[in-house]
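Residue-level listing of the chains:
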Amino acid sequence: MDGPVTSDIVILNGNSHPELATLVANRLGVKSGGCSVYHKVNRETMVEIGDSVRGKDIYIIQTGTKDVNNNIMELLIMAYACKTSSAKNIVGVIPYLPYSKQCKMRKRGCIVSKLVAKMLCNSGLTHVITMDLHQKEIQGFFDCPVDNLRASPFLLQYIQDSIPDYRNAVIVARNPGSAKKATSYAERLRLGIAVIHGEQKEAESDMVDGRYSPPPPADHSPPPPPRTMEVVSVGVPQHPAKEKPPINVVGDVGGRIAIMVDDMVDDVQSFVAAAEILKERGAYKIYVLATHGLLSSDAPRLIDDSPIDEVVVTNTIPHDVQKLQCHKIKTVDISVLLSEAIRRIHNKESMSYLFKNVTLED
């Protein structure tokens, strides 16, 4: 990293990922600020900032983990504490933005990621640094500048350095929604692409026992027509129900290395199902690469028992316990990217260098 880091920069962190905060602070050559975040007996979050933050640039490093609601409250309270202590700028460094998957309207639901964005801005954040948002459009929910960094250069470098014979690989999109990301990786690595389409069908034994059927009415009379049918009968065409075809692979993976890419590995069952179909189609090695490794529930056991050879994630989310449970999980360190982003923002330098296209043939 070039350029000095002046003394009016303060690094604070909550309880979500202190190891990442230490790595970033060490790379910047500053010590992490004296901030104590703890919970009272009644589970209220308490924040105590030991050092003065008046007139300084504050960088709060807090990511989303399985304890997501506490992570958000800690960040909100830390930001508001800095705001009321007359900090000059308050930058939230949030490698994984919580609730980013809830960024679309669902039936009788709401867009939760916009609510989170509003709360973060109202708490006092003047800038947000994050990484590989689930949808880039989430940046528009914030009333402050957002830098959405990319982890793909690190994952692309891992493919080149750590996957033998990667030239015989094919980039696989786990579903059509991941095809754009897979295409980007394939074009940069000069490889082919395959897309998995459809879903696993349930076994007949699960479908004939009546669990998916409503109980018949007591008088055996036909159920009343739904209210929407009254509208349909007036002339509005009925919307046909979706029906996904059986799971299938579009593209040739026979005798190749299959590399699945996604932005997040949370519930791994869909990845395991995709790996099994890829193995059936002749792939002799299967890798999963993602930015965020939440690895919820019994993910380590499922990965260990699956045809997946390696799951490669970055350290945006702590997963040391999962790595002890499953030797297939590998980690790529992205602290250098976060520290460089902080340095450039602090020194008022251009951020465009961090968003340039990755050149692999240099």
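Here, every reference points to the structure presented above.
Residues numbered from 1 in each chain as written. Predicted model: local features only at pLDDT ≥ 70, side-chain atom pairs only at ≥ 80, totals over all residues. Heavy atoms only, no water.

**As for the packing of helix H1 (residues 18-28) against helix H11 (residues 335-346)**
The geometry of H1 relative to H11 is characterised by a closest axis approach of 9 Å and an angle of 55 degrees between their N-to-C directions. Considering their axes alone, H1 and H11 lie oblique with respect to each other. Between H1 and H11 the crossing geometry is right-handed. Contact with H1, carried on its side by Leu20, Leu23, Val24, Arg27 and Leu28, involves Ser335, Val336, Leu338, Ser339, Ile342 and Arg343 of H11 and no other residues of that element. In the contact of H1 with H11, the residues fall into seven nonpolar, two polar and two charged. (Axes fitted to C-alpha atoms, helices over the stretch in contact; angles between N-to-C directions. Helix = DSSP H or I, 4+ residues; strand = E, 2+ residues; numbered from the N terminus. Parallel < 35°, antiparallel > 145°, perpendicular 65-115°, else oblique. Left-handed = near helix turned anticlockwise from the far one by under 90°. Contact = heavy atoms within 4.5 Å. Nonpolar A, V, L, I, M, F, W, Y, C, P; charged D, E, K, R; others polar.)

**Here's the deal with the packing of aromatic side chains**
For any pair of aromatic rings, the description rests on two quantities: the centre-to-centre distance and the angle between the ring planes. If you walk through the whole model with that rule in mind, you get zero aromatic pairs. Sitting over the ring of Phe271, Arg174 keeps its end group 4.3 Å from the ring centre. (Phe/Tyr/Trp six-rings, centres within 6.5 Å; stacked < 30°, edge-to-face > 60°. Lys NZ or Arg CZ within 6 Å of the ring centre and 35° of its normal.)

**Observations concerning the pairing of strand E7 (residues 146-149)**
Judged by which residues are buried, E7 turns out to be covered on both faces: Val146 and Asn148 on one side and Asp147 and Leu149 on the other are all buried. Direction of pairing for strand E6 (residues 127-131) relative to E7: parallel, over a ladder of four bridges. Bridge pairing links Ile129 to Asp147 in E7. (Buried < 20%, exposed > 50% of the residue type's maximum accessible area, 1.4 Å probe, protein only. Pairing = 2+ DSSP bridges.)

**Considering the side chain of Glu310**
Locating Glu310 in the fold gives a position in strand E13 (residues 310-314). For the buried Glu310, no salt bridge exists, and the shortest N-O distance to an oppositely charged side chain is 4.8 Å, to Lys330. Here Tyr158 takes part through its side chain, which lies 2.7 Å from a polar atom of the side chain of Glu310. Excluding residues within four positions of it along the chain, Glu310 makes contact with Tyr158, Ile286, Tyr287, Val288, Lys328 and Lys330. (Lys, Arg positive; Asp, Glu negative; His and termini not counted. Salt bridge = Lys/Arg side-chain N within 4 Å of Asp/Glu carboxyl O. Polar contact = N/O pair within 3.5 Å; in protein donor to acceptor, adjacent residues only side chain to side chain.)

**Let's talk about the packing of helix H4 (residues 152-162) against helix H5 (residues 179-189)**
A packed helix pair is summarised by two numbers, namely the angle formed by the two axes and the spacing between the axes. Look at H4 against H5: their axes get within 11 Å of each other, and the N-to-C directions meet at 50 degrees. If you check the angle between H4 and H5, you find them oblique. Of the two elements, H4 crosses H5, and the hand of that crossing is right-handed. Every residue of H5 that contacts H4 at Ser152, Leu155, Leu156, Ile159 and Gln160 is listed here: Tyr185, Arg188 and Leu189. Counted by class, the contact of H4 with H5 contains five nonpolar, two polar and one charged residues.

**Focus on the sheet that holds E7**
What the five strands build is an open sheet, ordered E1-E4-E5-E6-E7; its pairing is parallel. Looking along the sheet, the strands with just one partner apiece sit at the ends: strand E1 (9-13) and E7. Neighbour-to-neighbour, the strand axes of the sheet open up by a mean angle of 20 degrees, direction not taken into account. With four bridges connecting them, strand E5 (residues 89-94) and E6 associate as parallel partners. Opposite Val91, over in E6, you have His127 as the bridge partner. Here helix H2 (residues 68-84) sits on the sheet and contacts E1, strand E4 (57-61) and E5; the angle it forms with E4, its principal contact strand, is near 170 degrees. Contacting E1, E4, E5, E6 and E7, H11 runs over the sheet at an angle of about 155 degrees to E6.

**Structural notes on helix H3 (residues 112-123)**
Along its twelve residues, H3 runs 17 Å from first to last C-alpha, staying within 8% of the 16 Å computed at 1.5 Å per residue. Within the span of H3, buried status applies to Val112, Ser113, Val116, Ala117, Leu120, Cys121 and Ser123. Those residues of H3 that are buried lie in contact with H2 and E5. Gly124 sits one or two positions beyond H3 and adopts a positive phi of about 130 degrees. (Expected span 1.5 Å × (residues − 1).)

**Some remarks on H2**
Spanning 17 residues, H2 covers 25 Å between terminal C-alpha atoms, matching the ideal 24 Å at 1.5 Å per step. If you check which residues of H2 are buried, you get Asn70, Asn71, Ile72, Glu74, Leu75, Leu76, Met78, Ala79, Ala81 and Cys82.

**A short note on the nonpolar core**
Counting 32 residues, the largest nonpolar core has Ile58, Ile60, Leu120 and Phe142 as its most contacted members. Where this core is concerned, the elements lending two or more residues are E1, strand E2 (35-39), E4, H2, E5 and H3. Broken down by element, this core gets its largest block of residues, six residues, from H2. Apart from the residues within four sequence positions on either side, Ile58 is in contact with Val10, Leu12, Val53, Cys82, Ala87, Asn89, Ile90 and Val91. (Core = buried A, V, L, I, M, F, W, Y, C linked by side-chain atoms within 4.5 Å.)

**Points about the pattern of salt bridges**
Under the counting rule described, the total for this entry stands at ten salt bridges. Two residues, Arg301 and Asp298, come together in a salt bridge whose shortest N-O distance is 2.5 Å. Of the charged contacts in the structure, one is a salt bridge between Arg344 and Glu340, with a shortest N-O distance of 2.8 Å. Placement of both Arg344 and Glu340 in helix H11 is noted, with a separation of four residues, approximately one turn of the helix. For the pair Arg344 and Glu340, a shared accessibility class is recorded, and that class is buried.

**Notes on the sheet that holds strand E11 (residues 257-265)**
Spatially, the seven strands line up as an open sheet ordered E10-E9-E8-E11-E12-E13-E14, and their pairing is mixed. Only two strands of the sheet have a single partner each, and these edge strands are strand E10 (248-250) and strand E14 (329-332). Adjacent strand axes in the sheet meet at a mean angle of 25 degrees, parallel and antiparallel pairs treated alike. In terms of strand pairing, strand E12 (residues 285-293) meets E13 through four bridges, oriented parallel. In the sheet register, Leu289 faces E13, and the bridge partner there is Val312.

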